[in-house]
Amino acid sequence: MSRVRALRLVALAFLIAGAPAAHAYLDPGTASVLFQAAIAGVLAALFYVKEIWRRVKAFFTGEERRSAPDVSDRNP
Amino acid sequence: MSRDAAVGGSFRDPSGFVFVDSGTLYRQVNRSYRGHYEALIASGLYRDLVERGLLVPHEEAAIGLALSDEAYKVIRPQPVPFVSYPYEWCFGQLKAAALATLELQRIALSKSMTLKDASAYNVQFIGTRPVFIDTLSFERYEEGAPWAAYRQFCQHFLAPLALMAYRDVRLGQLLRANIDGVPLDLAARLLPARSMACLPILLHIHLHARSKPVQAPSRPRDKASHRPISARAMMALIDSLRQGIESLRWRPEESIWREYYRDLSYSDAEVARKKSLVSEFLDLAGRDTVWDLGANTGVYSRIAASRGIYTVCSDFDPACIELSYLDACRNDERSLLPLILDLVNPSPSLGWNHAERSSLVERGPADTVLMLALVHHLVIANNVPFGHLAGFAARVCRNLIVEFVPKRDPMVERLLASRRDVFPEYEQGAFEAAFERRFTIRRRDAVTATGRMLYLMTSKKPADPREGSEPAAFQDRVAAAAARAST
């Protein structure tokens, strides 16, 4: 999937940028929120593409698919 | 009384805390949490999660029990039979707890609520089933808001599981040193480069660890200073974490301990005899809780568990416990809790004021402890004198089913083959004398032709976890020092 490849390139750029130094007054919580906001949109797009792909596949194979994954009844 | 009376690990959350009154566990819900609590009940989320077995059920109790005037309600949660911690879980247990947490968040979001924290300590195991125990972790969800527990989830679950799967299963023990989970920069440094090929690991660990920390603001930050995260994007984030967790696998190799039972130390008839003696002794001993220490994959734990006795099956080998857990899941064994515990370095009390996580001893005493084919490992391989062993046993149990393995047994001969025999005291008489200072021997039966003996003993006084172990007898100390010097 080309989106995944694009995401990996972005990821690579991040990695080359280097790790920041730890500091007591730096706020990892806020960094996490900003990071989450940055990736959530991309993940949503990927999720959407996958969902369409699933439905297309289901249409041709005649398989019934659940719309959301359900792990509660899965044996660990 | 005030919050000072709350149990040790329950002080961070302003929404409420857990306390014990006359031996019963309660949770005070503070007025600041009222809106969220009402939403939890009114949305049907509480009922849904309890019906799925994902959340611990509770009853509302008299408000008069409250410890402070901030109280809005007092609830009485159903207690779990034995409290365990993530650093005692095997890979499969930590993975099951992670998936349960994500499932909880997925269902919460569908009812317009969200988990405000995703600590692995909020999950407990009842047998093989992970159950969320913090009823006050749910908040009303506002669309656009981030998942506040995202980093915590990655530190408590994704990072240790990835390290265990990609690097070495023993890295799960990093959770013991890092009480708020494995720091992501540490996980990223320890993980092999090939872990980046897995998109969720790349994103949620490697890139997440490198997301630029920002200077903490001098004034409280405006909540909407980040891009809003749509409900669909939030679900996609949770699903990506789920995929990451599900992609992680660890298959224990057939551990040398699994082989142990197929070894030459017993004949089939002797195994059958040992099993029937253990059954008989269990019927004579206390039947509330059993701890099987050095349980291997839990063959004898299962004798207790099959009688409906809640049994903690512990061993220091992660592979044995993984196999035991997988067997228990497959066979739906509900009274068996497999845990990784190293008896020569058991779980200590951890966290703030040494009171957030209890030591193994503080979580006892058990009605009955099994120590089968264990004494020679502790005494000969680890230089623990008989007196110390008896002292420890008296702290953790009322009844003891213990096996003595003599020097002429092939397994002890094997242990001694690689070390100098500095254990002149290691014989049945000295073993009995040391234990008889603490216990009354009720039964003494031979198990094998090589002279293995099985004992049922009852403590002479009630087990007291606070009591320290007794100083070693002089000869014991000399023997231990000599053994250390010779290695």
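Student: How should helix α10 (residues 268-284) of chain B be read in this particular structure?
Tutor: Residues and elements named next belong to chain B. Its 17 residues place the ends of α10 25 Å apart at the C-alpha level, agreeing with the 24 Å of an ideal helix rising 1.5 Å per residue. Of all the positions in α10, only E270, K274, L277, V278, S279, F281 and L282 are classed as buried. Of the surrounding elements, those touching the buried residues of α10 are β10 (289-293), α11 (301-305), β13 (366-371), β14 (397-404), β15 (439-446) and β16 (453-459).

Student: Which parts of the structure should I look at to understand the sheet that holds β10(B)?
Tutor: Strands belonging to one sheet form pairs held by backbone hydrogen bonds; the direction of such a pair is parallel or antiparallel. Residues and elements named next belong to chain B. Strand order across the open sheet formed by seven strands is β12-β11-β10-β13-β14-β16-β15, with mixed pairing between neighbours. Only two strands of the sheet have a single neighbouring strand rather than two, namely β12 (336-340) and β15. Ignoring which end each strand starts from, the neighbouring axes of this sheet average 15° apart. Here β10 pairs with strand β11 (residues 310-315) via five bridges, running parallel. If you follow D292 over to β11, its bridge partner there is C313. Contacts from helix α14 (residues 386-396) reach β10, β13, β14 and β15, with the element oriented near 145° to β14.

Student: Which parts of the structure should I look at to understand the side chain of B:S15?
Tutor: All names here are of chain B. Summarising the element assignment, S15 is placed in the segment before β1 (16-21). Looking at S15, the relative accessible area reads 7%, which means it is buried. If we skip the residues at most four places from it in the chain, S15 touches Q28, V29, N30, S32, Y33, K116 and L136.

Student: Is there a simple way to explain the side chain of B:Q152 in this structure?
Tutor: Note on placement: B:Q152 falls in helix α4 (residues 150-166). Beyond its immediate chain neighbours, meaning those up to four positions away, B:Q152 contacts B:D117, B:A118, B:S119 and B:D180.

Student: Just checking my understanding: could you explain the packing of α4(B) against helix α8 (residues 231-247) of chain B for this structure?
Tutor: Describing two packed helices takes the angle between their axes plus the distance from one axis to the other. Residue and element names in this part refer to chain B. Between α4 and α8, whose axes approach to 10 Å, the crossing angle comes to 15°. By the angle between their directions, the pair α4 and α8 is classed as roughly parallel. Of the two possible hands of crossing, α4 and α8 adopt the one that is left-handed. Judged by residue contacts, Y150, F153, C154, F157, L158 and L161 of α4 engage L237, L241, G244 and I245 from α8. Of the residues belonging to the contact of α4 with α8, the class tally is nine nonpolar, one polar and no charged.

Student: How should the domain arrangement of chain B be read in this particular structure?
Tutor: Frequently, the measure chosen for interface size is the accessible area removed from exposure when the parts meet. All names here are of chain B. If you check the domain split of chain B, you get domain 1 (1-250) and domain 2 (260-346 + 365-463). Distance between the C-alpha centres of domain 1 and domain 2: 36 Å. Residue-level contacts link 18 residues of domain 1 with 20 residues of domain 2. Viewed at the interface, domain 2 and domain 1 are joined by zero salt bridges. Our enumeration of links across domain 1 and domain 2 arrives at six residue pairs in polar contact (both at pLDDT 80 or more).

How each quantity is defined
Residues numbered from 1 in each chain as written. Chains lettered and ligands numbered in written order. Predicted model: local features only at pLDDT ≥ 70, side-chain atom pairs only at ≥ 80, totals over all residues. Heavy atoms only, no water. Helix = DSSP H or I, 4+ residues; strand = E, 2+ residues; numbered from the N terminus. Expected span 1.5 Å × (residues − 1). Buried < 20%, exposed > 50% of the residue type's maximum accessible area, 1.4 Å probe, protein only. Contact = heavy atoms within 4.5 Å. Pairing = 2+ DSSP bridges. Axes fitted to C-alpha atoms, helices over the stretch in contact; angles between N-to-C directions. Parallel < 35°, antiparallel > 145°, perpendicular 65-115°, else oblique. Left-handed = near helix turned anticlockwise from the far one by under 90°. Nonpolar A, V, L, I, M, F, W, Y, C, P; charged D, E, K, R; others polar. Domains from an automatic or database assignment. Salt bridge = Lys/Arg side-chain N within 4 Å of Asp/Glu carboxyl O. Polar contact = N/O pair within 3.5 Å; in protein donor to acceptor, adjacent residues only side chain to side chain.

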